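# Tertiary structure, described
Letter by letter, the chains look like this.
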Amino acid sequence: MNPISLLLIAGICALVVFWIRSLPANKRGGAVIMLVLVLISLALLLLAITGRLHWIGAIFAAMLPFARQIFPWLVRLFPFLKLLYRRRNQQRTSAGNVSEVQTRILKMQLDHDAGVMYGQILQGPMAGRELGTLTEQEFIELLQYCRQQDEESARLLEAYLNKRFGDRWQADDPGHSDSNASPQSGHMTRQEAYQILGITPGCSKEEIVAAHRRLMQKYHPDRGGSDYLAAKINQAKDCLLNP
């Protein structure tokens, strides 16, 4: 294989890895499965074109007796694998890899490892939809709805749009002049503060300070974050250290 082909394959692999890491954590598993299915389909197509597909049939026929014996064991093992996967996700959340901010209209999660935000709409005409499925026009409509119903939800959505699109979305937003309004900081419970900092109840003062510092390094306005997120992170630290 010549060097150009190797560079091309390496570039495609790097793009695929970057795409998977940019997805929300709860969707990466499905993306990997889809990628594997696409690769298998391409491999089968290549074998069919080169006239070697009959080898697949021969291998499948040879493995069929073993598959009949293994399948019942896999069915019994599936609940344990599901439980293991759930515990692994819980451990990741408790380890401070994910923070959560919730308002009346939005529930947002911040994946610290991938550096992305993703969330769900809780109420309104688009209730139940994931933010990642909205079109540009739907984002503007949702933002206008948030400004009418709950200013804190509007600030949170603006932070999401800035993180995902930069300043481009403001050109289509008729109310973008209001984006610089100072974030509101209402009452925050200790449970909300723990979720925002991505730590579990009972953490020491040092762990709270470390979580706050780690988040501010990623979401401070001077580092591409937003005033709203920085205010929420500061408020969470103050809530836990100065109840």
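Attention here is on the structure that accompanies the text. (Residues numbered from 1 in each chain as written. Predicted model: local features only at pLDDT ≥ 70, side-chain atom pairs only at ≥ 80, totals over all residues. Heavy atoms only, no water.)

### Some remarks on the overall build of the chain
- Scanning the chain from N- to C-terminus turns up 8 helices and 3 strands.
- For the chain, the α and β elements follow one another from N to C terminus as α-α-α-β-β-β-α-α-α-α-α.
- Taken across its 243 residues, the chain has 30% of its residues classed as buried.
- Taking as baseline every contact in the chain between residues at least 6 positions apart, the subset at least 24 positions apart corresponds to 49%.
- With the model as given, the accessible surface of the chain reaches about 15,700 Å², and the carbon-plus-sulfur share is 62%. (Helix = DSSP H or I, 4+ residues; strand = E, 2+ residues; numbered from the N terminus. Buried < 20%, exposed > 50% of the residue type's maximum accessible area, 1.4 Å probe, protein only. Contact = heavy atoms within 4.5 Å. Areas by Shrake-Rupley, 256 points an atom, 1.4 Å probe, with all protein chains shown as cover.)

### Concerning the packing of helix α4 (residues 136-149) against helix α5 (residues 151-165)
- At a minimum axis distance of 6 Å, the contact between α4 and α5 shows a crossing angle of 150°. Judged on the interaxial angle alone, α5 and α4 are roughly antiparallel. Remark: the crossing between α4 and α5 carries left-handed chirality. Taking contact as the criterion, the partners of Phe139, Leu142, Leu143, Cys146, Arg147 and Gln149 in α4 are, on α5, Glu151, Ser153, Ala154, Leu157, Glu158, Tyr160, Leu161, Arg164 and Phe165.
- Within the contact of α4 with α5, the residues separate by chemical class into 9 nonpolar, 2 polar and 4 charged. (Axes fitted to C-alpha atoms, helices over the stretch in contact; angles between N-to-C directions. Parallel < 35°, antiparallel > 145°, perpendicular 65-115°, else oblique. Left-handed = near helix turned anticlockwise from the far one by under 90°. Nonpolar A, V, L, I, M, F, W, Y, C, P; charged D, E, K, R; others polar.)

### Some points on the packing of aromatic side chains
- Enumeration over the complete set of coordinates arrives at 1 aromatic pair.
- Ring geometry for Phe139 and Tyr160: centres 5.9 Å apart, planes at 40°, overall tilted. In this pair, Phe139 is assigned in helix α4 and Tyr160 in helix α5, connecting sequence segments 21 residues apart. (Phe/Tyr/Trp six-rings, centres within 6.5 Å; stacked < 30°, edge-to-face > 60°.)

### Some details on the environment of Val101
- Tracing the sequence through the fold places Val101 in strand β1 (residues 98-102).
- What makes Val101 buried here is its relative accessible area of 4%.
- With 131 residues separating them along the chain, Val101 and Lys232 place their C-alpha atoms 8.4 Å apart.

### A short note on the sheet that holds strand β3 (residues 116-121)
- Ordered in space as β1-β2-β3, the 3 strands form an open sheet in which the pairing is antiparallel. Only two strands of the sheet have a single partner each, and these edge strands are β1 and β3. Direction aside, neighbouring strands of the sheet carry axes that sit 20° apart on average.
- Docked against the sheet, α5 engages β1, β2 (106-111) and β3, running at close to 35° with respect to β2. (Pairing = 2+ DSSP bridges.)

### Topic: helix α7 (residues 205-219)
- For α7, spanning 15 residues, the distance from its first C-alpha to its last is 21 Å, which sits close to the expected 21 Å at 1.5 Å a residue.
- Those residues of α7 that are buried lie in contact with β1, β2, α5, α6 (190-197) and α8 (227-241). (Expected span 1.5 Å × (residues − 1).)

### Considering a nonpolar patch on the surface
- A cluster of nonpolar side chains, Trp19, Met34, Val38, Leu39, Leu42, Leu45 and Ile49, forms an exposed patch at the surface whose accessible area comes to about 710 Å².
- The leading source of residues in the nonpolar patch is helix α2 (residues 25-49), at 6 residues.
- Within the secondary structure layout, Val38 lies in helix α2. (Patch = residues over 30% accessible without salt bridge, like charges linked within 9 Å, V, L, I, M, F, W, Y side chains within 5 Å. Salt bridge = Lys/Arg side-chain N within 4 Å of Asp/Glu carboxyl O.)

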